[in-house]
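Chain and residue survey
These are the residues of each chain, in order.
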Amino acid sequence: MKLKTQRSFPLQRLVCLLALHLLLTCRLLAQQSPDFLVTSSGDTLSGEILPGKDFSQEVQFKAAGQSSFKSYGIADVKGFSFQAYSYAATEIAYRDGKKEKAFLTLLASGSAKLWQSASEKIFYVEKEGIFYPLEKKMSYVLDLKKQEDKRYIGILRYLFKDCSVSEKRLEATRFSAESLAAITLAYNQCKNPGQKIAPQKVARFTFQPIASAGVTYGEALNYQVHNLYENLGYSFGYTAGFNLEIGFKRASRFRLRPGIFLTSKKGKAKEEFTIVTRYTTYNLLYLQVPASFCYYFSHRDFSPFLSAGAVYGFALRNEINIRKVNEVHGIHQEYTERIQKPEEVGFNFGAGLRFKLTHKIHPIFEYQYERTNTVNPAYPLRMHKILLGIQL
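Residues numbered from 1 in each chain as written. Predicted model: local features only at pLDDT ≥ 70, side-chain atom pairs only at ≥ 80, totals over all residues. Heavy atoms only, no water.

**Describing the environment of His 332**
- Following the sequence through the fold, His 332 ends up in strand E21 (residues 331–338).
- Look at His 332 and you get exposed, because its relative accessible area is 55%.
- In sequence terms His 332 and Thr 277 are 55 residues apart; their C-alpha atoms lie 9.8 Å from each other.
- Residue contacts for His 332: discarding those within four places in its chain leaves Arg 323, Lys 324 and Val 325. (Helix = DSSP H or I, 4+ residues; strand = E, 2+ residues; numbered from the N terminus. Buried < 20%, exposed > 50% of the residue type's maximum accessible area, 1.4 Å probe, protein only. Contact = heavy atoms within 4.5 Å.)

Written out as structure tokens, the structure is:
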């Protein structure tokens, strides 16, 4: 006896197209252009850059084909490209006549220029050749209440007082590359209304592919018998796939993770009735498309995180083999059934740890709990996943 499978082909084709798009995106991101460095003598070297102790003064560089990193100070380098940003060894002249050099990238140009340090902790506004540093620190009231130091807004107010930049807009300026570049651009356009000034591109998002694989332990399916639904117990399986982790510059601890995974659900069950024993074996294969939000507790080399989201999947292989044995009458019956509803919808949540192996390679260890509904919502399927991944 075989039950007809009710498939939703348009939805499955849409999911397949989204999965293919995600895989191609991960492939392209994994083939990003390498970093490069220009020495003080003018030689251009291609390889991998690792931030030094003070990234505004020192870089660690490993040339292509080499096995170790070499330290380059600011006197040894004209500039370098790191994660799609270009930094140059720039001379900084302060109001008191002091001068120093640092690796800076230009975010906005015009009557006032906005620079950002390679360490990403300091911005500079340059006017008439003088650099004014913008920093953000936290202060404490009676050593109890932590509050944000917004002295950088007072510096902007002083520097931009010769043009009518609105006070409301100044007060709303955040200490971020995008917000500071926008207020600097507004000032430059106020000073030169007829001049079209294009801001430097500031990345709003980051994209990092993750390849993962692991084991699963959970309920594989709920099975229909005489209009009654029951779960067939826990079993082991495997899962493997890709995620694309999307980071947000404004909220760097939060990440969005869409993904595509192949998950096996297999096992066997023995059920004894009054005079009949039923043996069920199954080896199902699901294409799952999860989408989760992650929160990282730190940006250090060892970073714990939490995740939660939704998951959709459908069975690529959904046959169930059933053998019924009636010992009293000596009757043996074997047949194959298909899952009546091959789609599954549910949610997942978990926790994990991300380690820093190199600047570009981060191993990830993660536990996930998943709960989905298939044939009958009254009998949800629960699954535990242990994943080991590599983030590029």
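**Comments concerning the state of the cysteines**
- Evaluated as defined, the whole model comprises one disulfide.
- Shown here is the disulfide that connects Cys 163 with Cys 190, its sulfur atoms set 1.7 Å apart. Judged by the sign of its S-S torsion, about -95 degrees, the bond between Cys 163 and Cys 190 is left-handed. Placement of the pair is Cys 163 in the loop between helix H2 (151–159) and helix H3 (167–171) and Cys 190 in helix H4 (residues 177–191), with a sequence separation of 27 residues.
- With a relative accessible area of 14%, Cys 163 lands in the buried category.
- Judged by relative accessible area, Cys 190 falls into the partly exposed class, the value being 26%. (Disulfide = S-S within 2.5 Å.)

**A word on empty space enclosed by the protein**
- Within the structure shown, the criterion is met by three cavities of 30 Å³ or more.
- Residue lining of the largest cavity: 15 residues in total, with Asn 243, Phe 261, Pro 290, Asn 348 and Gln 368 positioned closest to the centre.
- Contributions of two or more residues to the lining of the largest cavity are made by strand E16 (234–248), strand E17 (254–272), strand E18 (276–296), strand E19 (302–317), strand E23 (362–373) and strand E24 (381–391).
- Partitioning the lining of the largest cavity into residue classes produces four nonpolar, seven polar and four charged.
- Taken as a whole, the second largest cavity spans an internal volume of roughly 60 Å³. (1 Å grid on protein atoms, 1.4 Å probe; cavity = no way out; pocket = protein on both sides within 12 Å on 5 of 7 lines; lining within 4 Å. Points joined across faces, edges and corners; volume = space filled by probe spheres on them. Nonpolar A, V, L, I, M, F, W, Y, C, P; charged D, E, K, R; others polar.)

**Describing H2**
- Residues of H2 that are buried: Tyr 152, Ile 153, Leu 156 and Leu 159. All buried residues of H2 project into a common sector of 125 degrees when viewed along the axis, lining one side. (Arc of directions from axis to C-beta.)

**With respect to the side chain of Thr 216**
- Considering the arrangement of structural elements, one finds Thr 216 in strand E13 (residues 205–219).
- When near neighbours in sequence (up to four residues on either side) are disregarded, Thr 216 contacts Ser 235, Phe 236, Gly 237, Tyr 238, Thr 239, Thr 263, Ser 264, Met 383, His 384 and Lys 385.

**Quick word on the pattern of salt bridges**
- Tallied over the entire structure, the rule returns seven salt bridges.
- With its nearest N and O atoms 2.7 Å apart, the salt bridge here joins Glu 171 to Arg 157. Pair noted here: Glu 171 is in helix H3 and Arg 157 is in helix H2, with a separation of 14 residues, a long-range link.
- On the basis of relative accessibility, which here comes to 41%, the residue Glu 171 falls in the partly exposed class.
- Note that Glu 366 is salt-bridged to Arg 257, the shortest N-O span being 3.2 Å. Of this pair, Glu 366 sits in strand E23 while Arg 257 is found in strand E17, placing the two residues 109 residues apart along the sequence. (Salt bridge = Lys/Arg side-chain N within 4 Å of Asp/Glu carboxyl O.)

**Remarks on the packing of aromatic side chains**
- By the definition in use, this model includes 16 aromatic pairs.
- Pairing Phe 80 with Phe 103 gives two aromatic rings, centres 5.0 Å apart and planes at 80 degrees, and the pair type is edge-to-face. Here Phe 80, found in strand E5 (residues 77–82), pairs with Phe 103, found in strand E7 (residues 99–108); they are 23 residues apart in sequence, far enough to count as distant. Each of the two residues, Phe 80 as well as Phe 103, counts as buried.
- Ring centres of Phe 349 and Tyr 369 lie 5.3 Å apart, and the angle between their planes is 45 degrees; on these two criteria the pair is classed as tilted. With Phe 349 in strand E22 (residues 343–355) and Tyr 369 in strand E23, this pair connects stretches of sequence that are 20 residues apart.
- Through pairs of rings, three or more aromatic residues link up here, namely Phe 80, Tyr 87 and Phe 103.
- Lying over the aromatic face of Phe 305, Arg 257 brings its terminal NZ or CZ to 4.9 Å of the ring centre.
- One Lys or Arg, Arg 354, reaches over the ring of Tyr 296 and ends 4.3 Å from the middle of that ring. (Phe/Tyr/Trp six-rings, centres within 6.5 Å; stacked < 30°, edge-to-face > 60°. Lys NZ or Arg CZ within 6 Å of the ring centre and 35° of its normal.)

**Topic: the environment of Tyr 296**
- Mapping Tyr 296 onto the fold places it in strand E18.
- Looking at Tyr 296, the relative accessible area reads 0%, which means it is buried.
- Counting along the chain gives 41 residues from Tyr 296 to Arg 255, while the straight-line C-alpha distance between them is 8.0 Å.
- If we ignore the near neighbours within four places in the chain, the residues touching Tyr 296 are Glu 245, Arg 253, Arg 255, Arg 257, Ser 303, Pro 304, Phe 305, Arg 354, Ile 364 and Gln 391.
- Within polar-contact distance, the side chain of Tyr 296 engages the side chain of Glu 245 at 2.8 Å. (Polar contact = N/O pair within 3.5 Å; in protein donor to acceptor, adjacent residues only side chain to side chain.)

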